[in-house]
Number of protein chains: 4
Amino acid sequence: MKYEFTPSKYFFTFGPNPPVLEISSGDTVVTTTVDARGFDSFGTLVPEEKTQRSKNTIFRNRNPLVGPFFIRGADIGDTLAVSIERIVLNRETAWSRVQPNFGSFTEEELGKKLLLNEPLEERYFQWTLDLKNNIGIIELPRSRKKKLEIPLHPFIGSIGVAPRFGRIETSLTPGEYGGNMDSPETKEGTTMYFPVFVKGAYLSFGDVHAAQGDGEICGVALETSAEVTLRINVVKGKIIDWPRLEDKEYIMVAGNSKPLMEAFKIAHVELIDWLVSEYGFEKWEALQILSQVGTCRVGNVVDPKYNVVAKFPKKYLP
Amino acid sequence: MKYEFTPSKYFFTFGPNPPVLEISSGDTVVTTTVDARGFDSFGTLVPEEKTQRSKNTIFRNRNPLVGPFFIRGADIGDTLAVSIERIVLNRETAWSRVQPNFGSFTEEELGKKLLLNEPLEERYFQWTLDLKNNIGIIELPRSRKKKLEIPLHPFIGSIGVAPRFGRIETSLTPGEYGGNMDSPETKEGTTMYFPVFVKGAYLSFGDVHAAQGDGEICGVALETSAEVTLRINVVKGKIIDWPRLEDKEYIMVAGNSKPLMEAFKIAHVELIDWLVSEYGFEKWEALQILSQVGTCRVGNVVDPKYNVVAKFPKKYLP
Amino acid sequence: MKYEFTPSKYFFTFGPNPPVLEISSGDTVVTTTVDARGFDSFGTLVPEEKTQRSKNTIFRNRNPLVGPFFIRGADIGDTLAVSIERIVLNRETAWSRVQPNFGSFTEEELGKKLLLNEPLEERYFQWTLDLKNNIGIIELPRSRKKKLEIPLHPFIGSIGVAPRFGRIETSLTPGEYGGNMDSPETKEGTTMYFPVFVKGAYLSFGDVHAAQGDGEICGVALETSAEVTLRINVVKGKIIDWPRLEDKEYIMVAGNSKPLMEAFKIAHVELIDWLVSEYGFEKWEALQILSQVGTCRVGNVVDPKYNVVAKFPKKYLP
Amino acid sequence: MKYEFTPSKYFFTFGPNPPVLEISSGDTVVTTTVDARGFDSFGTLVPEEKTQRSKNTIFRNRNPLVGPFFIRGADIGDTLAVSIERIVLNRETAWSRVQPNFGSFTEEELGKKLLLNEPLEERYFQWTLDLKNNIGIIELPRSRKKKLEIPLHPFIGSIGVAPRFGRIETSLTPGEYGGNMDSPETKEGTTMYFPVFVKGAYLSFGDVHAAQGDGEICGVALETSAEVTLRINVVKGKIIDWPRLEDKEYIMVAGNSKPLMEAFKIAHVELIDWLVSEYGFEKWEALQILSQVGTCRVGNVVDPKYNVVAKFPKKYLP
């Protein structure tokens, strides 16, 4: 079944929040996401009453998520397959910025005080999106190069299921459940696999980026809104420990952790497990081949947990 | 007011769970904690119906916590002062162990796969607690030294408030809200200060250790049960960012993060802030003095976030 | 001038060892390298008397280097430009292996003891190099996929100058001076720029890899021998702090450090410096552009220092 | 034999530099060290001709070392025991400072660019040493507390032997050979054990600190000069991998590495090895006891490699 879903509620956490829709394995959802600060395709801010709120606590109103979608038949110990069928940018602007205590070459994560240096100054960057030609344009008034055009490659910054142990975290944190991985690999044509930790899976997503470099080093990408089409399937009785991805060329695993080396290790060890358990490689031969043909991509090094995606070319699978 | 509180419910998360008791600033609570696996002073396991449960998710039933205690008048932006007046061990045994994929010299944290080595073997260690003489005794059948007696120094392994952003995590994770810091500094005579992130603060605690070395390197301490007496006060309008501690000799800050160096930085930078904002030190003079007289203590390097406590001797305060 | 140089001496360190040849800016050197264990194009081990030796110390006889080449006119504060004009594999085999305490998913670096796990078992892998078709072939007797063919992409694993402060290190360690970076970017067609720390620069190189994945995760690549053609130029009065690289598509910087995140930071901050000082970008605009179009590549995460290469596409330069 | 040795040459590197004196196992050396910038007990700077120099390279003239002392009979595979019999401060001043890109809460290590923040300002601090009362005094003109007196606890900041593989590094870097560990444990009454990597061992030392807090967080301690008395013994045929220390209360191991957690692991795993190989503990029982009674001390988190000393109380040895 195909659902055209118009969000009326946005959450700032991954977890078993009240579902916005129940769907079944095999269904498709077409919906729209807002940007990381909550602006929609018209540049209108989502009104506060449509966002997750609590009068007794402080919410960090970043990365509003569409969902959670409750998937009927998804049980603990299953795997949720989410095919990203389409990502269509629906706005002609994107923003980016430099923030005082955020980004890879200062204190990295908001709320940490690690330095005695004065904080960075705030800078806001406006990008124009030429959707017809799939190009992002920025003016650089203070540089010799005054204007730059870059190709867009839209992807979903935040996508995941309810985390293990029923915990609920800010949508800025990625983990075993996916989340705010900010990996350019979560793009149109990729199928993602998530572990189902909670009955119903509780799939949520948002924070589409029109383009981004490796590591998301300034802390943000070309932040914008989009229409997203996802097809969801439940793989019964299949247990995985970390998000897996697949496109035409690669099988991939996402490791989300800190320090960076731990994210790197998680992604690669899980990928070796995958090669062994599903493709019949012996453990040390899998390590050898991955050592010589594997590539990896650093998604973000700014969020509360970093992201590394380890990639194995499908052409070497049996 | 002084409450003698008998727990009838244990939670596995820090956060705004349904409060077990409402108290006011200035009140004292006397209660009992169970050990990290849920065994009480009689060696009886807490029955499952008394623990946090959900039929739709998997709970990690470790570190059952007493609480949360809702503190009337504690608002966002206040500080909660918790004086540890007494910790009385109430059982003559404690356990410890080596686990296959847990501990500082293997994969550290459960649920991470970082290594291709075979996992460690499981080993269980039984300690006898001579409460009269405050001594822990262990048999070491495979070593030249056949028996060892060590002094006990009981402390609360897990103590904290509801975290920022309303998130709820496993009780194994420490953070800005305190939590499973496993620091020997959270002992009798110490007053802890927590940021109030949620109205009511939602204080929870448990996981008393009879003794522990720096870093909790095998992954666990002398795990046991205890009677704990805490006096709680609300400091209105005082904002702190990380847990602070104070005993007769030191003011201290706990940094809970990964990698270890980040926990170290957080603890020290917040301690410098404290010296500047409350004790009138100029920033660089505070750094200089802390550089020359400060000490620090590594609480744990095995939990999902590590703990470092930075210490400044009170005798150097104005 | 073009030198056809036949090595008669191999060093295991980067530094001001007795030069094997003096050349001038603009000269080209054609020479041959041996593999990481010292085997040449005939599969013959370099005799011990041709390697750096000392009767009073232990040398780690890994990564024998050709050179050092003393470059006339290269002074402290200059930059040495080394164009990799050709890398021709000259042997039909390469080896790889798994070692007990070496590699990304065990203790990483030889000589460190970080784990209580039993070490990995030793495994040796033989690759056949089909030089005509530029293909590497491996038999995988224990896997379902019995044989694999991969494209070769030869590069120089170890290349660098004498380090700062006159120190001499094992050739296994990369640093500001280049060294054993094990980055696939040091390939035919790339020009490398090294800071000149010592009069004469003392260029050395070796350890050609026929192919390798990102991170060199098992600890070694397709280790083999090669004929290498380098053109050397001195850029007078130009100071750089870390190795820079340039090919047809990218300007790049290599960061060599530990932890991995520090290598990442070094590479990117130096690349921003480059964009600002030579291409007229304002600092925050440089950060913004690099954030959105930059890519990075992890060279090794197994050597005493790790390697990250940050890349900026030349098409966005003014 | 007891040597009263007056230095006429200072080196900036650990390694097989030309020995200043040959001694035998059992000998004692009394000599004087200068401070980290080269000032002696009279506040006079060591003239450049008395320091290690090279016209072809840049030396970083920090931490001038006395030595190397060639120890007759010390061969590869032996252990060098160095008893610190006396450290007598011989100057009534010490200095400390804040440097722009150095210290734990900014870029840590000189020569790394990790941040986009503006560097810290430079600040110089003068300490008066009251040697009679063993007190250090500092004026704090900008703080409410105007003056502070702290007890002195002199120790040797840099002490080590020639490193493995014949490499020579700046004296600012610690490693398996000891070096600039900046650990307060290298104090009067401590015996240090170093692996002999090079025939003759080549013991060097300097950089006495009058006092220092854990981590040496601002980058420097109370930097001063001293008279030092060391007794040297060769332990034949005993192989150790990292520096070991022993005083009246503890056996200890120093781990020198980066990241901080790696230094922590090295120190503790080597200490477990020591407990097993010399004191008859079974491996897992050793881990259990160290987990419960071990302490550790962070020496520095500012040098090119950090220092952690793991400590085991002697009273628990058989």
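Placed above this text is the structure.
Residues numbered from 1 in each chain as written. Chains lettered and ligands numbered in written order. Predicted model: local features only at pLDDT ≥ 70, side-chain atom pairs only at ≥ 80, totals over all residues. Heavy atoms only, no water.

## Let's talk about helix H1 (residues 260-279) of chain A
One turn of an α-helix holds 3.6 residues; hence residues three or four places apart share an orientation. A rise of 1.5 Å per residue sets the reference length of H1 of chain A, with its 20 residues, at 28 Å; its end C-alpha atoms lie 28 Å apart and thus fit the reference within 8%. When you tally the buried positions in H1 of chain A, you get 16 out of 20 residues, the bulk of the element. (Helix = DSSP H or I, 4+ residues; strand = E, 2+ residues; numbered from the N terminus. Expected span 1.5 Å × (residues − 1). Buried < 20%, exposed > 50% of the residue type's maximum accessible area, 1.4 Å probe, protein only.)

## Here's the deal with the packing of aromatic side chains
Applying the stated criterion across every chain yields a total of 24 aromatic pairs over all chains. Ring centres of Phe312 of chain A and Tyr316 of chain A lie 6.4 Å apart, and the angle between their planes is 70°; this geometry places the pair in the edge-to-face category. Neither Phe312 of chain A nor Tyr316 of chain A differs from the other in exposure class; each is buried. Relative to Phe205 of chain D, the ring of Phe69 of chain D has its centre 5.7 Å away and its plane inclined at 10°; by these criteria the two rings are stacked. (Phe/Tyr/Trp six-rings, centres within 6.5 Å; stacked < 30°, edge-to-face > 60°.)

## Some details on the sheet that holds strand E16 (residues 226-235) of chain C
Residues and elements named next belong to chain C. With mixed pairing, 9 strands are arranged side by side in an open sheet as E1-E4-E16-E6-E14-E17-E18-E20-E19. Either end of the sheet is taken by a strand with one partner, and the two such strands are strand E1 (2-5) and strand E19 (295-298). Here the average twist between neighbouring strands, direction ignored, is 25°. Across the sheet, helix H2 (residues 283-293) touches E19 and strand E20 (306-313), and the angle it forms with E20 is around 105°. (Pairing = 2+ DSSP bridges. Axes fitted to C-alpha atoms, helices over the stretch in contact; angles between N-to-C directions. Contact = heavy atoms within 4.5 Å.)

## Digging into the relation of the copies chain D and chain B
Mapping chain D onto chain B is achieved by rotating through 180° and translating by 0.0 Å along the same axis, at an RMSD of 0.0 Å. When the rotation and shift are considered jointly, the pair of chain copies conforms to a two-fold rotation axis. Among all residues of chain D, the minimum C-alpha distance to the rotation axis is found for Leu260 of chain D, at 3.2 Å. Both copies present the same face, since 100% of the interface residues in chain D are matched by interface residues at the equivalent positions in chain B. (Least-squares fit on C-alpha atoms with pLDDT ≥ 70 in both.)

## Some points on the interface of chain D and chain B
Across the boundary between the two partners, chain D contributes 63 residues, which contact 63 residues of chain B. Summing both sides of the interface, chain D and chain B together bury roughly 5,300 Å²; the carbon and sulfur share of this comes to 65%. Considering only the surface of chain D that becomes buried against chain B, Trp284, Glu285 and Gln292 of chain D emerge as the three largest contributors, covering 13% of it. In this assembly, chain D and chain B are joined by 8 salt bridges. Between Glu108 of chain D and Lys265 of chain B there is a salt bridge, with its nearest N and O atoms 2.8 Å apart. Applying the counting rule to chain D against chain B returns 36 residue pairs in polar contact (both at pLDDT 80 or more). Elements with a minimum of two residues in the side of chain D that touches chain B: strand E7 (93-98), strand E8 (123-130), strand E10 (147-151), helix H1 (260-279), helix H2 (283-293) and strand E19 (295-298) of chain D. Here the residues of the side of chain D that touches chain B sort into 36 nonpolar, 13 polar and 14 charged. (Buried area = accessible area lost by both parts, 1.4 Å probe. Salt bridge = Lys/Arg side-chain N within 4 Å of Asp/Glu carboxyl O. Polar contact = N/O pair within 3.5 Å; in protein donor to acceptor, adjacent residues only side chain to side chain. Nonpolar A, V, L, I, M, F, W, Y, C, P; charged D, E, K, R; others polar.)

## Describing empty space enclosed by the protein
By the definition in use, this model includes 6 cavities of 30 Å³ or more. Taken as a whole, the largest cavity spans an internal volume of roughly 900 Å³. Lining the largest cavity we find 48 residues, and of these Pro259 of chain A, Pro259 and Leu260 of chain B, Pro259 of chain C together with Pro259 of chain D sit closest to its centre. Counting residues per element, the ones that place at least two in the lining of the largest cavity are H1 of chain A, helix H1 (260-279) of chain B, helix H1 (260-279) of chain C together with H1 of chain D. Among the residues making up the lining of the largest cavity, the classes are represented as 24 nonpolar, 4 polar and 20 charged. Computed from the structure, the second largest cavity encloses a volume of approximately 50 Å³. Its residues assigned to classes, the lining of the second largest cavity comprises 8 nonpolar, 3 polar and no charged. (1 Å grid on protein atoms, 1.4 Å probe; cavity = no way out; pocket = protein on both sides within 12 Å on 5 of 7 lines; lining within 4 Å. Points joined across faces, edges and corners; volume = space filled by probe spheres on them.)

## Some thoughts on the pairing of strand E6 (residues 79-89) of chain C
Residues and elements named next belong to chain C. Most of E6 sits out of view: 8 of its 11 residues are buried. Across 5 bridges, the pairing between E6 and strand E14 (residues 191-195) is antiparallel. Paired with Ser83 across the bridge in E14 is Thr191. The sheet contact formed by E6 and E16 spans 10 bridges and is antiparallel. By the bridge assignment for E16, Ile84 is matched with Leu230.

## Some thoughts on unusual backbone geometry
With an omega of -5°, the peptide bond running from Lys258 of chain C to Pro259 of chain C counts as cis. Locating Pro259 of chain C in the fold gives a position in the loop between strand E18 (250-257) and H1. At the junction of Gly67 of chain D and Pro68 of chain D, the peptide bond is cis and its omega measures out at 5° in the coordinates. Looking at the secondary structure, you find Pro68 of chain D in strand E5 (residues 66-72). Backbone geometry at Asp182 of chain C places phi at a positive 55°, although glycine is not the residue there. When you line up the elements, Asp182 of chain C lands in the loop between strand E13 (178-179) and E14. With phi around 50°, Asn63 of chain D is a residue other than glycine that occupies positive phi space.

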